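# Fold and geometry: a report
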Amino acid sequence: MWILLALLVIILIIAFNTIKIVKQSEVYIIERLGKFHKVADAGLTIIIPFVDHVRSVVSLKQQTMDIPPQGVITQDNVTITIDTVVFYRVTDPAKAVYEIQSLKKGIEYLAITTIRDIVGKMDLDDTFSSRDAINDKLRVILDEATDQWGCKVDRVEIKDITPPADIRDAMEKQMNAERNKRALILQAEGERQSAITLAEGKKEAAILEAEADKESKIRRATGEAEAIKKVAEAKAEEIHLVYDAMMKSNPDEKLVQLKSLEALKEVAQGEANKIFIPFEATKALSSLGSAAEIFKDKKNKD
């Protein structure tokens, strides 16, 4: 009985050491008599007990590594603290196990030295404005260096850059001053644009007012000229009708002289300072003057 029980235990131990189940996204590094034998992929794997040995279990999933915050001196002698994270995955499990003592430690130390080298050649302002460039440089350098370790660096991200407290205070004051400057510039630009718009409006209004006044004067002058023209045409028509009527009545010389005197009377009643007397009217006036003298002499004799 005890022999059967011991035999069962031995069989279970041998089965446990012989049958290996590899999980998805993992591989086993199998050694035979202390020498690399094979890489066991996901699934069921049979090994020889006491001959084969599982050296390491390697994950093929993308992994992240937080690099401890590092103090870095920039080119302008400012000490800043940089916090970085690295995304990597194993492409060759055998190299990841046999080419380096500790893959994670190797990536960490390499990232620290690379960050100090890159940032040490940059000014403080450049480190804030060139994060993408720093990330790309770090990724390229780490990817090339870790290729011999069977590892590929997919991405490097700088999580935070922390300058000293006095530098932060100075940067905040500078940012506030820059904001105030931009606000004043925008306000001045707005006032200038408003003044320009107002001046252009006044200019347009003055131009429109002048054009309206000009148009009004032109129309008034045109109306006055038209009125004068119509009055003149009416007077001419009146004279023409009077002349035609007189011609039709066959007037004698005395009637013409009398009409001339009547016209002279109307002219004399006008507002003009000077009048022009027709030649026929002077004859009539002479006759009237002679008649007046005859009447005056006759009266004296009586």
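The structure we're discussing is the one just above.
Calculation notes
- Residues numbered from 1 in each chain as written.
- Predicted model: local features only at pLDDT ≥ 70, side-chain atom pairs only at ≥ 80, totals over all residues.
- Heavy atoms only, no water.
- Pairing = 2+ DSSP bridges.
- Helix = DSSP H or I, 4+ residues; strand = E, 2+ residues; numbered from the N terminus.
- Axes fitted to C-alpha atoms, helices over the stretch in contact; angles between N-to-C directions.
- Contact = heavy atoms within 4.5 Å.
- Phe/Tyr/Trp six-rings, centres within 6.5 Å; stacked < 30°, edge-to-face > 60°.
- Buried < 20%, exposed > 50% of the residue type's maximum accessible area, 1.4 Å probe, protein only.

### A look at the sheet that holds strand β7 (residues 79-90)
Spatial strand order, β6-β7-β8: three strands in an open sheet with antiparallel pairing. Of all the strands in the sheet, the pair left with one neighbour each is β6 (63-73) and β8 (151-162). Between one strand axis and the next, the sheet turns by 25 degrees as a mean value, whatever way the strands run. Judged from the 10 bridges that link them, β7 and β8 form a sheet pairing that is antiparallel. Looking at the pairing, Val85 lines up with Glu157 of β8. Where helix α3 (residues 103-119) meets the sheet, it contacts β6, β7 and β8, and its direction lies at approximately 35 degrees from that of β6. Seen against the sheet, helix α5 (residues 131-146) touches β7 and β8 and runs at an angle of roughly 145 degrees to β8.

### Section: the sheet that holds strand β2 (residues 26-32)
With respect to topology, three strands assemble into an open sheet ordered β3-β2-β5, the strand pairing being antiparallel. Across the chains shown, the open sheet's two edge strands, defined by having one partner strand only, are β3 (35-40) and β5 (52-59). The sheet shows a mean angle of 25 degrees between the axes of neighbouring strands, taken without regard to direction. Sheet analysis places β2 next to β3, joined by five bridges and oriented antiparallel. Within β3, the residue paired with Ile29 across the bridge is Val39.

### A few points about the packing of aromatic side chains
Overall, the coordinates contain one aromatic pair when judged by the stated rule. Ring geometry for Phe36 and Tyr98: centres 5.7 Å apart, planes at 75 degrees, overall edge-to-face. On the criterion of sequence distance, the pair formed by Phe36 in strand β3 and Tyr98 in helix α2 (residues 93-98) is long-range, its members being 62 residues apart. Given the relative accessible area of 34%, Tyr98 is considered partly exposed.

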